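Descriptive structure summary
Residues per chain are reported as follows:
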Amino acid sequence: MRKTMFFLAVLGLAASLWAADPWTGTYKINLAKSKLAPSTEAILKEETLVIREVGADNEGSAKGTRVDGSAISEKWIVPIQGGIVKYQQGGPEKGSYYVGTRVGTNEVYWTLLQNGKQTALSHFTLSQDGKIIRGVSTGTDAKGKPFESLEVWERQ
């Protein structure tokens, strides 16, 4: 009996190590709770974010619609432990890239670098129950004007 209990305890611990990253899932932006920067607010009608674990990376995709009816479609991969975000579709303009930094299980920073200079910083937190992603971004837009944005994503 003791051996069985020990085996089950070890199996339970091992299973928790193989558990999916808490960020994985499908989320929809809640525009009513978000306060987007004017340059984004004017164009975004709806958007869905899907995050899935692929080995040591998280693969993300964003699909949605702008107010003018045009489609939004992006796809990227970022190491779970942090690193350069590799866009496979969409993404920042040429000469720009994001670096993801994992601070804890439920906290991530994305830094936007343009020609080696930081122009924006986004801080994302995942609620303890895993149902809400809250993102606060600050920086300067393409015209050099400062902006601040709040995005609220709800798990579907």
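Everything discussed here concerns the structure shown above.
What this report covers is the structure whose coordinates are included nearby.

Parameters at a glance
Residues numbered from 1 in each chain as written. Predicted model: local features only at pLDDT ≥ 70, side-chain atom pairs only at ≥ 80, totals over all residues. Heavy atoms only, no water. Pairing = 2+ DSSP bridges. Helix = DSSP H or I, 4+ residues; strand = E, 2+ residues; numbered from the N terminus. Axes fitted to C-alpha atoms, helices over the stretch in contact; angles between N-to-C directions. Core = buried A, V, L, I, M, F, W, Y, C linked by side-chain atoms within 4.5 Å. Buried < 20%, exposed > 50% of the residue type's maximum accessible area, 1.4 Å probe, protein only. Contact = heavy atoms within 4.5 Å. Polar contact = N/O pair within 3.5 Å; in protein donor to acceptor, adjacent residues only side chain to side chain.

The next point concerns the pairing of strand S3 (residues 57-66). Sheet topology note: the strand S2 (residues 44-54)/S3 ladder contains ten bridges and is antiparallel. Across the sheet, Glu 53 pairs through a bridge with Asn 58, a residue of S3. Counting the residues in the hairpin turn of S2 and S3 gives two residues, including Gly 55, whose phi is positive at 65°. Direction of pairing for S3 relative to strand S4 (residues 71-79): antiparallel, over a ladder of nine bridges.

This next bit is on the sheet that holds strand S1 (residues 25-29). The strand order across the open sheet built from eleven strands is S5-S7-S8-S9-S10-S11-S1-S2-S3-S4-S6, with neighbouring strands paired in antiparallel fashion. A strand with exactly one partner marks an edge of an open sheet, and here the two such strands are strand S5 (82-84) and strand S6 (86-89). Strand-to-strand twist in this sheet, taken as the mean axis angle between neighbours without regard to direction, amounts to 20°.

Trp 23, Tyr 27, Leu 49, Trp 110 and Ile 133 are the most contacted members of the largest nonpolar core, which has 18 residues in total. Only S1, S2, S4, strand S8 (107-114) and strand S9 (117-126) provide two or more residues apiece to this core. Excluding residues that lie within four positions of it along the chain, Trp 110 makes contacts with Trp 76, Val 78, Val 85, Tyr 87, Tyr 98, Val 99, Gly 100, Ala 120, Leu 121, Ser 122 and Phe 124.

Moving on: unusual backbone geometry. The residue Asn 115 is not glycine, and still its phi comes out positive at about 50°. Inspection of the secondary structure puts Asn 115 in the loop between S8 and S9.

If you trace the backbone, Ser 34 turns up in the loop between S1 and helix H2 (38-41). At 2.9 Å, the side chain of Ser 34 and the backbone nitrogen of Val 152 are in polar contact.

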